[in-house]
Amino acid sequence: MIRGKYLEGATDDLSVCFYIRREVFVKEQHVSETEEFDSEDMQCGHYLIYNEDDIPVSTGRLIRVDQTHFKIGRVATLKEYRHKGYAEFLMLALIEKARSLGALEISLLAQLTAIRFYEKCGFTVADEAIIMDAGIEHKRMTYKVPEVHSCQCRQEH
């Protein structure tokens, strides 16, 4: 069974999250460690996704921007586990955690090659501006958290 674990940067051990990010961003994409790991890591939440064999395969972080706006970042899945649903599971977990904390809007910076993935997760491109982050082209994307309505149905007699 796929499962997720939410970790607090200030109190929990993030070494496995950092391992996945180092494999994906530092080794594969040649991002410097000083750009990849920053002070926000210790001030935000992180999700770690485990596959059916209980191997950690995917991670991402959730930053509170203000009371109702959150930012998802550092979404990474180990290469051999991509295209198997783990990143989708991760995104659902991050979105649901943000919703539970009061999010009305979630934003992220998407690498151009990942825009279709994030669109499938419900995000939309905010504008056409290209943003360079760690030497990689990105676009800003947003997700409007749907309001949860209680059902006010009444049975017809």
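Structure: see above.
This structure is a prediction, so every number in the text was calculated from the model and none was measured. (Residues numbered from 1 in each chain as written. Predicted model: local features only at pLDDT ≥ 70, side-chain atom pairs only at ≥ 80, totals over all residues. Heavy atoms only, no water.)

Novice: Tell me about helix H1 (residues 15-28), and name the residues and values.
Specialist: Here H1 spans 18 Å end to end across 14 residues, near enough to the 20 Å set by a 1.5 Å rise per residue. By the largest-angle criterion, Arg22 marks the main kink of H1, which is about 35 degrees. Every buried residue belonging to H1 is among Cys17, Phe18, Ile20, Arg21, Val24, Phe25 and Val26, and all of these are buried. In the core, the buried residues of H1 are packed alongside strand S1 (3-8), helix H2 (33-36), strand S2 (45-50), strand S3 (56-64), strand S4 (69-77) and strand S5 (105-111). (Helix = DSSP H or I, 4+ residues; strand = E, 2+ residues; numbered from the N terminus. Expected span 1.5 Å × (residues − 1). Bend = angle between axes of the 7 residues up to and from the residue. Buried < 20%, exposed > 50% of the residue type's maximum accessible area, 1.4 Å probe, protein only. Contact = heavy atoms within 4.5 Å.)

Novice: Provide a residue-level description of the pattern of salt bridges, including the pertinent values.
Specialist: Enumeration over the complete set of coordinates arrives at 14 salt bridges. A salt bridge links Arg61 to Asp38; the shortest N-O distance between them is 2.9 Å. On the criterion of sequence distance, the pair formed by Arg61 in strand S3 and Asp38 in the loop between H2 and S2 is long-range, its members being 23 residues apart. Judged by relative accessible area, which is 3%, Arg61 ranks as buried. Given the relative accessible area of 29%, Asp38 is considered partly exposed. The partner of Asp38 in a salt bridge is Arg74, and the shortest N-O contact between them spans 3.2 Å. One end of the pair, Asp38, is in the loop between H2 and S2; the other, Arg74, is in strand S4, and 36 residues separate them in sequence. Look at Arg74 and you get buried, because its relative accessible area is 18%. (Salt bridge = Lys/Arg side-chain N within 4 Å of Asp/Glu carboxyl O.)

Novice: Explain the nonpolar core to me, and be specific about the residues and the numbers.
Specialist: One broad trend across soluble globular proteins is that nonpolar side chains are buried collectively. Residues Ile72, Met91, Ile106, Leu108, Tyr118 and Phe123 are the most contacted members of the largest nonpolar core, which totals 43 residues. If you list the elements that add at least two residues to this core, you get H1, S2, S3, S4, helix H3 (86-100), S5, helix H4 (115-120) and strand S8 (136-144). Ranked by the residues each element gives to this core, the list is headed by H3, at eight residues. Ignoring sequence-local partners within four residues, the contact set of Ile72 consists of Arg61, Leu62, Met91, Leu94, Ile95, Ile106, Ser107, Leu108 and Phe123. (Core = buried A, V, L, I, M, F, W, Y, C linked by side-chain atoms within 4.5 Å.)

Novice: Help me get a handle on a nonpolar patch on the surface, residues and values and all.
Specialist: A grouping of Leu112, Ile130 and Met132 is seen on the molecular surface, where their side chains present a nonpolar patch of about 260 Å² in accessible area. Structurally, the position occupied by Ile130 is in the loop between strand S6 (124-125) and strand S7 (131-133). (Patch = residues over 30% accessible without salt bridge, like charges linked within 9 Å, V, L, I, M, F, W, Y side chains within 5 Å. Areas by Shrake-Rupley, 256 points an atom, 1.4 Å probe, with all protein chains shown as cover.)

Novice: Before we move on, can you summarise the environment of Leu62 with the specific residues and values?
Specialist: Along the chain, Leu62 falls in strand S3. For the pair Leu62 and Glu119, spaced 57 residues apart in the sequence, the C-alpha separation amounts to 18 Å. Non-local contacts of Leu62, meaning those with residues more than four positions away in its chain, are made with Cys44, Gly45, Phe70, Lys71, Ile72, Leu94, Lys97, Ala98 and Leu101.

Novice: Tell me about H3, and name the residues and values.
Specialist: Residues lying three or four places apart along an α-helix face the same way, a consequence of the helix completing one turn every 3.6 residues. For H3, with 15 residues, the first-to-last C-alpha span of 21 Å sits near the 21 Å given by 1.5 Å per residue. Of the positions making up H3, those classed as buried are Tyr86, Ala87, Leu90, Met91, Ala93, Leu94, Ile95 and Ala98. In the core, the buried residues of H3 are packed alongside S2, S3, S4, S5, H4 and S8.

Novice: How would you explain the side chain of Glu36 if you had to name every residue and give the values?
Specialist: Structurally, the position occupied by Glu36 is in helix H2. Accessibility expressed as a relative area gives 4% for Glu36, which makes it buried. If we skip the residues at most four places from it in the chain, Glu36 touches Arg21, Phe25, Val26, Val31, Asp41 and Arg74.

Novice: Any chance you could break down unusual backbone geometry for me, citing the residues and the numbers?
Specialist: For His30, which is not glycine, the phi dihedral falls at a positive 60 degrees. Unlike most non-glycine residues, Asp54 shows phi in positive territory, near 65 degrees. By the secondary structure assignment, Asp54 is in the loop between S2 and S3.

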